[in-house]
Amino acid sequence: MIRVTVFNEYVHERNEAKVREVYPNGIHGAIAQALGGIEDITVKCVTMDMPENGLPQQLLDETDVLIWWAHLAHNQVSDEVARRVQRRVLDGMGFVALHSAHASKPFSLLLGTRSPVLRWRENDEQQRVWCVSPGHPIAAGLGESFVIPKDETYGEYFEIPTPDELVFISWFSGGNVFRSGCCWKRGAGKIFYFQGGHETYPIYYQTEVKRVIQNAVRWAAPTYPAIVFNEARCEQIPPVEQ
């Protein structure tokens, strides 16, 4: 089984009626629904207001892939929880960052970036997501491109380390382009960033976007049990050959 935890700061849905209309069960609920019914995936949802921001060490130790959605309250995640997530990714846990999670503390720690450094606007623009790596597992079943009818526009320059693998590039009807599907490896863990998913649009109900998330979970999941280190290890070792 692939054990998935979905983290959502859960601020927009509580404070904005427009967002509640789109996501009455929260954005985390829609993401969990996208993974529901898949027999080899189990899903738990946590929100930022829970103790330890919903991410105690034991839960992370039992998580194969952590999906992160956040936008307004990145600084309300404790530094300790962010470091805890970073350590688990280095130990092998997968990390899927969605939309504005590029500005989250764990993403910045893992990739060493300032955040956010990009261009944006909210103008109901169409996004065409182009697959630039058709053989990649995250692109499976998605074809040459697909359209998100309305989304918040993101544009380059996007301050990220050069991706180990670039799966998607998006074009917006206002003319901007954006590296919208990026993969990295850090330590024993795998990281995927996907741009689509602004809170005022029903993007996480869209078939293609659900397929991206499903594929990303399978790609990011450790192919062997994630290592659980209680502390950093820098061991002195005896020689192998005598």
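Structure: above.
Here's a quick rundown of the structure. Since the model is a prediction, treat every value here as computed from it, not as a measurement.

1. Brief notes about the overall build of the protein
Piece 1. For the protein, the helix and strand inventory stands at seven helices and nine strands.
Piece 2. Against the globule reference of 18 Å for 242 residues, the protein gives a C-alpha radius of gyration of 18 Å, in line with a compact fold.
Piece 3. Dimensions along the principal axes, computed over C-alpha positions, put the protein at roughly 65 × 40 × 40 Å.
Piece 4. Within the protein, buried positions represent 52% of all 242 residues.
Piece 5. Here the analysis covers contacts within the protein between residues at least 6 apart in sequence; of these, 71% occur between residues at least 24 apart.
Piece 6. Total accessible area on the protein is roughly 11,300 Å²; 49% of this is exposed by carbon and sulfur atoms.
Piece 7. Where the 23 positive side-chain charges of the protein centre and where its 29 negative ones centre are 1 Å apart.

2. Some points on the pattern of salt bridges
Piece 1. Taken as a whole and assessed by the stated rule, the structure comprises 12 salt bridges.
Piece 2. The partner of Arg 84 in a salt bridge is Glu 52, with the nearest N and O atoms 2.9 Å apart. Here Glu 52 lies in the loop between β2 (41-47) and α4 (57-61) and Arg 84 lies in helix α5 (residues 79-91), a separation of 32 residues in the sequence.
Piece 3. Judged by relative accessible area, which is 44%, Glu 52 ranks as partly exposed.
Piece 4. The shortest N-O distance in the salt bridge between Arg 84 and Glu 80 comes to 3.9 Å. Taken together, the residues span about one helical turn, with Arg 84 and Glu 80 both in helix α5 at a distance of four residues.

3. A closer look at the sheet that holds strand β8 (residues 177-186)
Piece 1. A sheet is described by the order of its strands in space; here nine strands give the open sequence β2-β1-β3-β4-β9-β8-β7-β5-β6, paired in mixed fashion. The open sheet has two edge strands with one neighbour each: β2 and β6 (145-155). With direction set aside, neighbouring strand axes in the sheet form an average angle of 25°.
Piece 2. The pairing of strand β5 (residues 119-131) with strand β7 (residues 165-172) spans five bridges and is classified as antiparallel. Residue pairing in the sheet places Gln 127 in a bridge with Phe 172 of β7.

4. What to know about the environment of Glu 13
Piece 1. By the secondary structure assignment, Glu 13 is in helix α1 (residues 12-15).
Piece 2. Owing to a relative accessible area of 2%, Glu 13 belongs among the buried residues under this scheme.
Piece 3. A sequence separation of 186 residues divides Glu 13 from Glu 199, and the C-alpha atoms of the two residues are 8.4 Å apart.
Piece 4. Residues contacting Glu 13, with those up to four places away along its chain left out, are Asn 8, Val 19, Arg 20, Tyr 23, Gly 26, Ile 27 and His 28.
Piece 5. Looking at Glu 13, its side chain comes within polar contact range of the main-chain nitrogen of Ile 27, at 2.8 Å.

5. Things to note about the state of the cysteines
Piece 1. Taken as a whole and assessed by the stated rule, the structure comprises zero disulfides.
Piece 2. Of all cysteine sulfurs, the one in Cys 183 lies closest to Cys 182, which takes part in no disulfide; the gap is 7.6 Å.
Piece 3. Overall, the relative accessible area of 0% leaves Cys 182 in the buried class.

6. Some details on helix α7 (residues 207-220)
Piece 1. Compared with the 20 Å implied by 1.5 Å per residue over 14 residues, the 20 Å span of α7 between its first and last C-alpha is a close match.
Piece 2. Restricting attention to buried positions, one finds in α7 the residues Val 209, Val 212, Ile 213, Asn 215, Ala 216, Val 217, Trp 219 and Ala 220.

7. Re the packing of aromatic side chains
Piece 1. Tallied over the full model, the rule gives 12 aromatic pairs.
Piece 2. Ring geometry for Phe 7 against Trp 68: centres 3.9 Å apart, planes inclined by 25°, an arrangement best described as stacked. Linking Phe 7 in strand β1 (residues 2-8) with Trp 68 in strand β3 (residues 65-69), this pair joins segments that are 61 residues apart in sequence.
Piece 3. A residue is classified by how much of its surface remains accessible, and Phe 7, at 0% relative accessible area, is buried.
Piece 4. For the ring pair Phe 107 and Tyr 193, a centre distance of 5.8 Å and an interplane angle of 55° mean the geometry is tilted. Remark: Tyr 193 occurs in strand β9 (residues 189-194) and Phe 107 occurs in helix α6 (residues 105-111); sequence separation between them is 86 residues. One exposure class covers both Phe 107 and Tyr 193, and it is buried.
Piece 5. In this arrangement the basic side chain of Lys 190 is found over the ring face of Trp 219, its NZ or CZ atom lying 5.3 Å from the centre.

Definitions and cut-offs
- Residues numbered from 1 in each chain as written.
- Predicted model: local features only at pLDDT ≥ 70, side-chain atom pairs only at ≥ 80, totals over all residues.
- Heavy atoms only, no water.
- Helix = DSSP H or I, 4+ residues; strand = E, 2+ residues; numbered from the N terminus.
- Rg over C-alpha atoms; globule rule 2.2 N^0.38 Å.
- Buried < 20%, exposed > 50% of the residue type's maximum accessible area, 1.4 Å probe, protein only.
- Contact = heavy atoms within 4.5 Å.
- Areas by Shrake-Rupley, 256 points an atom, 1.4 Å probe, with all protein chains shown as cover.
- Lys, Arg positive; Asp, Glu negative; His and termini not counted.
- Charge placed at Lys NZ, Arg CZ, Asp CG, Glu CD.
- Salt bridge = Lys/Arg side-chain N within 4 Å of Asp/Glu carboxyl O.
- Pairing = 2+ DSSP bridges.
- Axes fitted to C-alpha atoms, helices over the stretch in contact; angles between N-to-C directions.
- Polar contact = N/O pair within 3.5 Å; in protein donor to acceptor, adjacent residues only side chain to side chain.
- Disulfide = S-S within 2.5 Å.
- Expected span 1.5 Å × (residues − 1).
- Phe/Tyr/Trp six-rings, centres within 6.5 Å; stacked < 30°, edge-to-face > 60°.
- Lys NZ or Arg CZ within 6 Å of the ring centre and 35° of its normal.

Take it as geometry only, folks, not as evidence of what the structure does.
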